[in-house]
Amino acid sequence: MVAGFIPFDAGRSAPRELPERVFIELPHPNISPIERVATLVGGLVVGIEGLRRRDRLGTWFALATVLGGGFIVARAIGGYCPVEAYLQNRREAEDRVLDPHEGRVRQFLPRILRSISIRASREEVLSSLKDLPNVDGVRFDVVGEPSIEEIVWRCQKLGLYGSGTEASAAFSGVIRLIDGPPNKGVELQASIDEVPRGLDAIEVETVIRRVLRSLKQFVEAGEIATTTGQSHGTRKRNSIKSHLTQLVHKLMNKEELRHVGAVLERN
Amino acid sequence: MLALCWNGINSLGLQRVADPGLINPHDAIVRVSLSSVCGSDLHLIDGFVPTMRPGDIIGHEFIGEVVDIGRDVRKLDVGQRVVVSSVIGCGKCFHCEGGEYSLCDNTNPNEAVLDKAYGACTAGIFGHSHAFGGYAGSHAQYIRVPFADYGCTPIPEEISDESALFVSDAFPTGFMAADMCDIQPGDVVAVWGCGGVGQLAIQSAFLMGADRVIAIDRIPERLKLAQVHSRCETLNYEQVDIHEALKELTGGRGPDSCIDAVGMEAEDRGADHVYDKAKNLFLETERGLVLRQAIRSCRKGGTISIVGVYGGLIDKFPMGAAMNKGLRFRMGQMHGQKYAPRLLKHIAAGDVDPSFLLTHKLSLREGPEGYQMFKKKSDQCVRVAFDPWNEPTVH
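Thresholds applied
- Residues numbered from 1 in each chain as written.
- Chains lettered and ligands numbered in written order.
- Predicted model: local features only at pLDDT ≥ 70, side-chain atom pairs only at ≥ 80, totals over all residues.
- Helix = DSSP H or I, 4+ residues; strand = E, 2+ residues; numbered from the N terminus.
- Buried ≥ 20, exposed ≤ 12 C-beta atoms within 10 Å, placed from the backbone.
- Contact = placed C-beta atoms within 7 Å.
- Nonpolar A, V, L, I, M, F, W, Y, C, P; charged D, E, K, R; others polar.
- Pairing = 2+ DSSP bridges.
- pLDDT = per-residue confidence, 0-100.
- Axes fitted to C-alpha atoms, helices over the stretch in contact; angles between N-to-C directions.
- Parallel < 35°, antiparallel > 145°, perpendicular 65-115°, else oblique.
- Left-handed = near helix turned anticlockwise from the far one by under 90°.
- Core = buried A, V, L, I, M, F, W, Y, C linked by C-beta atoms within 7 Å.
- Expected span 1.5 Å × (residues − 1).
- Right-handed = clockwise from strand over helix to strand, strands pointing away.

This part takes up the overall build of chain A. Of regular secondary structure, chain A possesses eight helices and five strands. Start at the N end of chain A and walk to the C end: the helices and strands fall as α-α-α-α-β-α-β-β-β-β-α-α-α. The buried share of chain A, reckoned over its 267 residues, is 18%. Sequence-distant contacts in chain A: of pairs separated by 6 or more residues, those separated by 24 or more amount to 58%.

Turning next to the interface of chain B and chain A. On the side of chain A, 27 residues touch chain B, which itself brings 41 residues to the contact. When residues of the side of chain B that touches chain A are traced back to their parent elements, those giving at least two are β1 (2-8), β4 (56-57) and α10 (271-280) of chain B. Ranked by residue count, the leading element in the side of chain B that touches chain A is β1 of chain B, at four residues. By residue class, the composition of the side of chain B that touches chain A is 19 nonpolar, 14 polar and eight charged.

Looking now at the sheet that holds strand β2 (residues 11-16) of chain B. Residues and elements named next belong to chain B. As summarised here, the arrangement of the three strands in space is β2-β1-β4, forming an open sheet in which the pairing is antiparallel. In this open sheet, the two edge strands, each paired with only one partner strand, are β2 and β4. One ladder, built from two bridges, connects β1 with β4; its direction is antiparallel. Considered in β4, the bridge of Cys 5 is made with Ile 57.

So, on to the environment of Ala 190 of chain B. Residues and elements named next belong to chain B. Among the secondary structure elements, Ala 190 is positioned in strand β11 (residues 188-192). Separated by 178 residues in sequence, Ala 190 and Pro 368 place their C-alpha atoms 33 Å apart. In this structure, Ala 190 is in contact with Ile 214, Ile 216, Leu 246, Pro 255, Cys 258, Ile 259 and Ser 297, ignoring residues within four places of it in sequence.

Moving on, we come to unusual backbone geometry. Not every positive phi belongs to a glycine, and Asn 183 of chain A is a case in point at roughly 75 degrees. Topologically, Asn 183 of chain A is positioned in the loop between β4 (168-179) and β5 (186-192). Taking the number of C-beta atoms within 10 Å as the measure of exposure, Asn 183 of chain A has 9 and is therefore exposed. Residue Ser 129 of chain B is not a glycine yet carries a positive backbone phi of 85 degrees.

A separate point is the confidence of the model for chain A. All names here are of chain A. Looking at chain A as a whole, its pLDDT mean stands at 74, while 63% of the residues score no less than 70. Here helix α8 (residues 254-266) stands out as the element of chain A with the lowest mean pLDDT, 48, in contrast to helix α5 (residues 122-129), whose mean of 90 is the highest. For residues 263-267, every residue scores under 50 in pLDDT, and the model assigns this stretch three contacts once sequence neighbours within four places are set aside.

All names here are of chain B. A sheet is described by the order of its strands in space; here six strands give the open sequence β13-β12-β11-β14-β15-β16, paired in parallel fashion. In this open sheet, the two edge strands, each paired with only one partner strand, are β13 (233-236) and β16 (328-331). In this sheet, adjacent strand axes meet at a mean angle of 20 degrees when their direction is disregarded. Relative to strand β14 (residues 257-260), β11 runs parallel, the two sharing four bridges. For Val 191, the partnering residue across the bridge sits in β14 and is Ile 259. Of the strands in this sheet, β11, β12 (212-217) and β14 are in contact with helix α7 (residues 196-207), which crosses β12 at around 170 degrees.

Moving on to the packing of helix α1 (residues 33-52) of chain A against helix α3 (residues 59-78) of chain A. Residues and elements named next belong to chain A. Where α1 contacts α3, the two axes come as close as 7 Å, and the packing angle between them is 160 degrees. By the angle between their directions, the pair α1 and α3 is classed as roughly antiparallel. For the pair α1 and α3, the crossing hand works out as left-handed. Taken together, the residues of α3 that come into contact with α1 (itself represented by Arg 36, Thr 39, Leu 40, Gly 42, Gly 43, Leu 44, Val 46, Gly 47, Glu 49, Gly 50 and Leu 51) are Ala 62, Thr 65, Val 66, Gly 68, Gly 69, Gly 70, Ile 72, Val 73, Arg 75 and Ala 76.

Before going further, it helps to examine the nonpolar core. Ranked by internal contacts, the top residues of the largest apolar core, which has 125 residues, are Ala 28, Val 30, Val 189, Val 191, Ala 201, Val 213 and Ile 259 of chain B. Filtering out sequence-adjacent residues up to four positions away, Ala 28 of chain B remains in contact with Val 66, Asp 68, Ile 69, Gly 70, Val 73, Leu 76, Val 145, Ala 148 and Cys 152 of chain B.

All names here are of chain B. Of note, Tyr 142 is situated in strand β9 (residues 142-145). In this structure Tyr 142 comes out as buried when scored by C-beta crowding, with 23 C-beta atoms within 10 Å. A C-alpha to C-alpha distance of 5.5 Å links Tyr 142 and Val 32, two positions 110 residues apart in sequence. Aside from chain neighbours lying at most four places away, what touches Tyr 142 is Met 1, Asp 19, Pro 20, Ile 29, Val 30, Arg 31 and Val 32.

Residue and element names in this part refer to chain B. The first and last C-alpha atoms of helix α13 (residues 336-348) sit 18 Å apart over 13 residues, in line with the 18 Å expected at 1.5 Å per residue. For α13, the full list of buried residues reads Gly 336, Gln 337, Lys 338, Tyr 339, Ala 340, Leu 343, Leu 344 and Ile 347. The first or second residue beyond α13 is Gly 350, which carries a positive phi of 85 degrees.

Once that is clear, we can look at the pairing of strand β17 (residues 358-363) of chain B. Residue and element names in this part refer to chain B. Relative to strand β18 (residues 383-387), β17 runs parallel, the two being bridged by five bridges. Directly across from Leu 362, in β18, lies its bridge partner Phe 386. Handedness of the β17-helix α14 (residues 367-376)-β18 crossover: right-handed.

Below, the structure is given as structure tokens:
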């Protein structure tokens, strides 16, 4: 036997291959090198001017100018602009409505996959499916008769994430059920096999994750955790302003500065 | 009902809010009789935890009386006096069944936040930001307790409210800190922080057979409290070099176990503290002074047990020392449901009485002042508890 080789033990879980999955891409640079240099210079100028003219501009406007300059510098250094990405996504979304098999959608085909472990048997998971309540505007239906190997599902999301509209989107797929290692329950792998109209991959994955997690909570704990409808005090709208004010106060805390000075002097 | 709400950084206020009702079948409604401040509340108030919303009711350490139960609650009755664990566990998932209630898979409704930040979602916690579920806290007259069969532990008649209160959070946290050290006879344990959790970690270490415990803090009253109630040795970090002193007190070995009962807002008077405060502005969220001292001081092959709360990123972490000294790290939010029955037995037997921590009992209206007193450690304050029904002037 080769040294270091561990023979397969029939009692152990069999080794697996990574299931087919198209991973969501991380943000990549979307502005050109020339634009980055120009942006860097521009951002520095704006930031420095905000600092230099803070008396004339007033505290809040000067702070906003410095933050704006900082954002532009960060855009130049990172090479990624979220505004540009948003506009690009919108352009692609328009194309996608015309033809769902073209444009950006193609990179997420043929399937998006998400897994979750549920501490129950396959039969318990199947028997809970019919009572699973709709959560967060997601309607989840099983298509046909589910088996202990595979569940064909269809899902409808009402009110798309971040869309601010009442539009809905439907998509369908398959959930595969696999026995986990001992004491770990059953593993569910959800995949999507239809192109969702009007949704992008992150939205689809969010919906799938929400459905799987709801199912896990429902099967394991007997209910879906929520805080909707609980008591709370007045929700103020100006929390960002409040945070900024507190941050400025914190930065200008004279006691802290005095302490820092004393320590520096001592060391 | 009346409730103490978070309105912004360093801003708390008493508000009249709707009474809580049963939402899910495993819920109970508890009439709060005492609700304590906790060091981790200060992280919320100081703005170190970014997912707070104005109007959130804070507080997570409390006892009370069950006044209503959901249709699937099996182990509780209306009228029972209970202590409620600050972390919420479903009791059924892989982690809860293993006694790791604070790692529960199912009780945090906002799983996406922690999944993004930490790579996995942990349990919901009462009054502890929306990242940890956004559950309403206990500084109120009533509170909804999800999964009440697991979260509520009935209090034996012979135990007073003041003694039972800290079984909700501080006592199991201190007990778990000592438990994670796997203390052997003859062990020397060092405990950083002599607040509520630290004091009870000291007593728990003795309960588990530690030969000596060395407590570290800078507040003379707290060090004296540790000496008087726990008969331990003490070190004031403003007066001695902690590393040198611990070596001296342990024959050059260092403590067998080091407990961090301080967490992210550690303080000192040296250059390290200035370094951390400067980096706090943009580059890190935690001040890791205690961890650095503990790693440096712990004996080779010893254990670092962390129960002081950390939330984000830490800098200047001495990984080289930790690795080459072969240290063992244990940490986590406490698993209150697992420890509560055992701790109540210890209290009933007279082994420990945590009520010595309760130095001030105030009304909810006095909440902001109570937190200031707790934060500044003024008036020899160790813990403030609010009695939500002591509000004679409110209409």
